[in-house]
Amino acid sequence: MLPGFETVWQVSELEGRVSLVTGASRGIGKAIALKLASLGSKVAVNYREREAEANSVIEAIASQGGGEAIAIKADVADTEAVKAMVEQVTDRWGSIDILVNNAGITRDTLVLRMGDKDWDEVIDTNLRGAYLCTKFALRSMIRQRRGRIINISSIAGVMGNPGQSNYAASKGGLIAFTKSVAREIGSRNITVNAVAPGFIATDMTDKLPSERKESVLAIIPLQRFGEPEDVAELVAFLASEKAGYITGQVICIDGGAFT
Ligand code: NAP
């Protein structure tokens, strides 16, 4: 982020709020968890298997000050695990005010070569996971007539991408899910929006071949890859009171590359 262009936040912007961020042990989810906590939110840091990384996020939140945090292991594609995770958060803190459906995976290959497992795992994590977390977290939001749901989609879900038909389908589905749920629950003062990042520097993109990275960089007007913190700033805005009249939207954050 350019110096002097940081968003000006009250450190207590999200005080008293409870957030659940899925896939928050690394990358974009970690940056979102740190940002929401820095604004005073209590944060549940969900992860699938990397316990040490999740615990280091909890430690980082404790050392930066702001809201408290807990780590919760749960596979977002597993109905019973998601139900138990949501119960753990509401039993501890009484509600869920902000849900960030961020957990996601890729299994890139051309559709002709794709195994059913590659298709199913991506759809189950990226789309079914968001559906399950939304369904169970909504109960608390509807009860308190207030809530923010932010779904981390992808530019691939907006434009499609060769070699990513499973991933693009999951992220495009997430956009349609976002718009539908926004219409269903707007009357309860709950907003639902999607964020569609372009190329963000995380473990997910680190594994791409260097020629692919160079060709993407060449078409980014802002001439750099995004950082997880760029996405976290946008998510924090959508989670805040400032964004109370924004719902059903897809906001691309891609350095101007694809939109
Ligand atoms: P990442 O670095 O690979 O991290 C993925 C996170 O998701 C990890 O915390 C991982 O937990 C968690 N996760 C994976 N499967 C899960 C499951 N079944 N249940 C619970 N947690 C699970 O990914 P990232 O780049 O930060 O991406 C975050 C989100 O942004 C994803 O939805 C991705 O599709 C989207 N996105 C990323 C980019 C990009 O350029 N990086 C662009 C567009 C959209 P463990 O650590 O325990 O494995």
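Residues numbered from 1 in each chain as written. Predicted model: local features only at pLDDT ≥ 70, side-chain atom pairs only at ≥ 80, totals over all residues. Heavy atoms only, no water.

**Q** Summarise the overall build of the protein; cite the residues concerned and give the values.
**A** Helix and strand counts for the protein come out as nine helices and seven strands. Expected size for 259 residues packed as a compact globule is a radius of gyration near 18 Å; at 17 Å, the protein falls within 12% of this value. If one aligns the C-alpha atoms of the protein with their principal axes, the spans along those axes are about 45 × 45 × 40 Å. Sorting the 259 residues of the protein into buried and exposed places 50% on the buried side. Counted over contacts in the protein with a minimum sequence separation of 6, partners at least 24 positions apart contribute 75%. Total accessible area on the protein stands at roughly 12300 Å², and carbon and sulfur atoms take up 51% of it. Of note, the protein has its 29 positive side-chain charges centred 6 Å away from the centre of its 31 negative side-chain charges. (Helix = DSSP H or I, 4+ residues; strand = E, 2+ residues; numbered from the N terminus. Rg over C-alpha atoms; globule rule 2.2 N^0.38 Å. Buried < 20%, exposed > 50% of the residue type's maximum accessible area, 1.4 Å probe, protein only. Contact = heavy atoms within 4.5 Å. Areas by Shrake-Rupley, 256 points an atom, 1.4 Å probe, with all protein chains shown as cover. Lys, Arg positive; Asp, Glu negative; His and termini not counted. Charge placed at Lys NZ, Arg CZ, Asp CG, Glu CD.)

**Q** An account of the sheet that holds strand β4 (residues 98–101) is requested, with residue identities and associated values reported.
**A** Across the sheet, which stays open at both edges, the seven strands sit in the order β3-β2-β1-β4-β5-β6-β7 with parallel pairing between neighbours. This sheet does not close on itself; its edge strands, each paired only once, are β3 (69–73) and β7 (250–253). Taken over all neighbouring pairs, the strand axes of this sheet differ in orientation by 20 degrees on average, direction set aside. Sheet analysis places strand β5 (residues 147–152) next to strand β6 (residues 190–197), joined by six bridges and oriented parallel. In the sheet register, isoleucine 149 faces β6, and the bridge partner there is valine 192. Helix α6 (residues 165–185) rests against β5, β6 and β7 of the sheet, and its axis sits at about 160 degrees to β6. (Pairing = 2+ DSSP bridges. Axes fitted to C-alpha atoms, helices over the stretch in contact; angles between N-to-C directions.)

**Q** Before we move on, could you go through the site of the ligand and cite the residues and values that matter?
**A** Within the structure, the ligand sits among 32 residues, and Ser25, Glu49, Asn102, Tyr167 and Thr202 are positioned closest to it. Glycine 23 is positioned such that a nitrogen or oxygen atom in its backbone is 3.2 Å from an oxygen atom of the ligand. Arginine 50 is positioned such that a nitrogen or oxygen atom in its backbone is 2.8 Å from an oxygen atom of the ligand. Contributions of two or more residues to the shell around the ligand are made by α1 (27–38), β2 (42–47), α6 and α7 (203–206). Classifying every residue of the shell around the ligand gives 13 nonpolar, twelve polar and seven charged. (Near = heavy atom within 4 Å. Polar contact = N/O pair within 3.5 Å; in protein donor to acceptor, adjacent residues only side chain to side chain. Nonpolar A, V, L, I, M, F, W, Y, C, P; charged D, E, K, R; others polar.)

**Q** Describe the pairing of β6, naming the residues involved and giving the relevant values.
**A** Counting buried positions along β6 yields eight of eight residues, so the element is predominantly enclosed. Note: β6 against β7, four bridges, orientation parallel. Looking across to β7, one finds that proline 197 is bridged to isoleucine 253.

**Q** Quick rundown of the environment of glutamate 87? Include the residues and the values.
**A** Mapping glutamate 87 onto the fold places it in helix α3 (residues 79–93). Through-space distance from the C-alpha of glutamate 87 to that of serine 187 is 24 Å; in sequence the pair is 100 residues apart.

**Q** Lay out the packing of α1 against helix α9 (residues 228–239) in plain terms, naming residues and giving numbers.
**A** Any two packed helices are characterised by how steeply their axes cross, that is the angle between the axes, and by the distance between the axes. In contact at an axis separation of 8 Å, α1 and α9 are set at 50 degrees when each is read in the N-to-C sense. On the basis of their axis angle, the class for α1 and α9 is oblique. Considering only the axes of α1 and α9, their crossing is right-handed. Taking contact as the criterion, the partners of Gly27, Ile28, Ala31, Ile32, Lys35 and Leu36 in α1 are, on α9, Pro228, Glu229, Val231, Ala232, Glu233, Val235, Ala236 and Ala239. (Parallel < 35°, antiparallel > 145°, perpendicular 65-115°, else oblique. Left-handed = near helix turned anticlockwise from the far one by under 90°.)

**Q** Would you mind going over the side chain of asparagine 126 in detail, with residue names and values included?
**A** Considering the arrangement of structural elements, one finds asparagine 126 in helix α4 (residues 116–144). Relative accessible area serves as the criterion here: at 2%, asparagine 126 is assigned to the buried category. A polar contact of 3.0 Å, which involves the side chain of asparagine 126, links it to the backbone nitrogen of isoleucine 105. At 3.1 Å, the side chain of asparagine 126 forms a polar contact with the side chain of serine 170. Setting aside anything within four residues of it in sequence, one finds asparagine 126 in contact with Ala103, Gly104, Ile105, Tyr167, Ser170, Lys171 and Leu174.

**Q** Lay out the environment of valine 192 with the relevant residues and their values.
**A** Along the polypeptide, valine 192 turns up in strand β6. When the C-alpha positions of valine 192 and alanine 54 are compared, they lie 26 Å apart, and in sequence the two are 138 residues distant. Beyond its immediate sequence surroundings of up to four residues, valine 192 is in contact with Ile149, Asn151, Thr178, Val181, Ala182, Ile185, Thr247, Gly248 and Gln249.

**Q** I'd love a proper account of the packing of aromatic side chains, names of residues and values included.
**A** The full count for this structure, using the stated rule, is one aromatic pair. Plain terms: the ring middles of phenylalanine 199 and phenylalanine 225 are 4.0 Å apart, the flat faces sit at 25 degrees to each other, and that makes the pair stacked. In this pair, phenylalanine 199 sits in the loop between β6 and α7 while phenylalanine 225 sits in the loop between α8 (210–218) and α9, placing the two residues 26 residues apart along the sequence. Judged by relative accessible area, which is 11%, phenylalanine 199 ranks as buried. (Phe/Tyr/Trp six-rings, centres within 6.5 Å; stacked < 30°, edge-to-face > 60°.)

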